[in-house]
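# Report on the structure
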Protein chains: 2
Amino acid sequence: MISRSDAEVLFANERFYNAFAQGDGAEMNGIWGREGAVTCLHPGWEPLLKRHDIIASWTAILAEPPGICCHSPTVVMLGQHGASVLCWEEIQRTYMLATNVFRREADGWKIVHHQACPTSGTPPKVAAHSSASKSVN
Amino acid sequence: MISRSDAEVLFANERFYNAFAQGDGAEMNGIWGREGAVTCLHPGWEPLLKRHDIIASWTAILAEPPGICCHSPTVVMLGQHGASVLCWEEIQRTYMLATNVFRREADGWKIVHHQACPTSGTPPKVAAHSSASKSVN
């Protein structure tokens, strides 16, 4: 059984991927933090260190949303107001490994940092689905 | 002028890279968190989700320390007990972009997540040094 805080952070992570998958720029703007610094590392981009630049990057990316989904998120809690999530991203049968960092602000958990990096690996559950004879946890 | 919290987190980030550069396994073990979940994503590795596996990975990596240094760290604070740092890593004139996540534990700021990803870019100061005629912030 997961803790309430873990569940809240996993829900915030799911909101992020729903906005990403649906190309919902207004939702993406709403879920990025406003009460302090934010940073973002898209694959192949320079680091983005300002909220305005980060939202502009999502506006560009979400113009053609890539059909993304998230697998196997793992939460690391950082006191009552911080958390990071490590997860796999699936985009058209290719995979990335991502770090998403969240801050609890006045109106809930907000994403304040994102890094995604291509990988040749596959998440555990996808590996299990694609190889019925192989036992995978 | 940076805040005291930012300075403490930057110092913890520096300790991490000093242990990395010096191949100091005991120090690396000491600076990883013990009061909750920890995760680690080395380039090309599967995600590591257990402290024992993370420390074992560092023992293997630090057997031949790669001569790493950190450039241009940017701190994102997450309340009083959490922070993330985005920074560049330089290893033999190649570069990575990294996320390091820290948790304030009973005996200070501890690293609890690390992700590094190769990049073809270069950090601002290095770009400025290598191109005297180019104005870079």
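Worth saying up front: this structure is predicted, and the values here are computed from it rather than measured. Throughout this description, residue numbers start from 1 for each chain and increase along the sequence as written. To label them, take the chains in the order written and letter them from A, then take the ligands in the order written and number them from 1. Local features in a predicted model are, by the rule used here, given only for residues with pLDDT of at least 70; side-chain atom pairs are given and counted only at 80 or more, and totals for whole chains, interfaces and linings are based on all residues. Only hydrogens and water are removed before side-chain values are computed, so all heavy atoms of the structure are retained for them.

### Some words on the packing of aromatic side chains
- Side-chain rings of Phe, Tyr and Trp (the six-membered ring for Trp) are treated as a pair once their centres are within 6.5 Å; stacked means planes under 30 degrees apart, edge-to-face means over 60, and tilted covers the remaining angles. If you walk through the whole model with that rule in mind, you get 10 aromatic pairs over all chains.
- A centroid spacing of 5.5 Å and a plane angle of 85° characterise the contact between F16(B) and W58(B), whose relative ring orientation is edge-to-face. One end of the pair, F16(B), is in helix α1 (residues 4-22); the other, W58(B), is in helix α3 (residues 51-62), and 42 residues separate them in sequence.
- Judged by its relative accessible area of 0%, F16(B) is buried.
- Owing to a relative accessible area of 1%, W58(B) belongs among the buried residues under this scheme.
- Taken together through their ring pairs, the aromatic side chains of F16(A), Y17(A), F20(A) and W58(A) make up a single cluster. Elements are defined by DSSP. Helices are runs of H or I of four residues or more, strands are runs of E of two residues or more, and each kind is numbered from the N terminus. Each residue is assigned to one of three classes by its accessible area relative to the maximum for its type, calculated with a 1.4 Å probe on protein chains only: buried under 20%, partly exposed between the two thresholds, exposed over 50%.

### Here we look at the state of the cysteines
- Only a pair of cysteine sulfur atoms within 2.5 Å qualifies as a disulfide here. Across all of its chains, the model carries 1 disulfide over all chains by this definition.
- C117(A) shares a disulfide with C117(B); S-S distance 2.2 Å. The sign of the 85° torsion about the S-S bond sets the C117(A)-C117(B) disulfide as right-handed. Pair noted here: C117(A) is in strand β5 (residues 108-119) and C117(B) is in strand β5 (residues 108-119), and the two residues belong to different chains.

### Observations regarding the interface of chain A and chain B
- It only takes one pair of heavy atoms within 4.5 Å for two residues to be counted as in contact. Taken together, the 33 residues of chain A in the interface contact 33 residues of chain B.
- Accessible area that two parts lose when put together, with a 1.4 Å probe and added across both, is what the buried area reports. Together, the buried faces of chain A and chain B total about 2300 Å²; carbon and sulfur atoms form 70% of this surface.
- Throughout this description, the term salt bridge denotes a Lys or Arg side-chain nitrogen within 4 Å of a carboxyl oxygen of Asp or Glu. The interface formed by chain A and chain B contains 0 salt bridges.
- The term polar contact refers here to a pair of N or O atoms within 3.5 Å; inside protein, the definition further demands a hydrogen-donor-capable atom paired with an acceptor-capable atom, and it admits residues adjacent in sequence only when both atoms are side-chain atoms. For the pair chain A and chain B, the interface holds 8 residue pairs in polar contact (both at pLDDT 80 or more).
- Of the residues forming the side of chain A that touches chain B, the biggest block, 6 residues, is contributed by strand β4 (residues 94-105) of chain A.
- Each residue is assigned to one class: nonpolar for Ala, Val, Leu, Ile, Met, Phe, Trp, Tyr, Cys and Pro, charged for Asp, Glu, Lys and Arg, and polar for all the others, Gly among them. Looking at the side of chain A that touches chain B residue by residue, the class counts come to 20 nonpolar, 11 polar and 2 charged.

### So, the relation of the copies chain A and chain B
- Least squares is used to superpose the copies, and the fit set is the C-alpha atoms of residues whose pLDDT is at least 70 in both copies. Mapping chain A onto chain B calls for a rotation angle of 180° and an axial translation of 0.0 Å; the resulting RMSD is 0.0 Å. A rotation of that kind, with that shift, is consistent with a two-fold axis.
- Both copies present the same face, since 100% of the interface residues in chain A are matched by interface residues at the equivalent positions in chain B.

Note that all results are geometric; they support no functional claim without further evidence.
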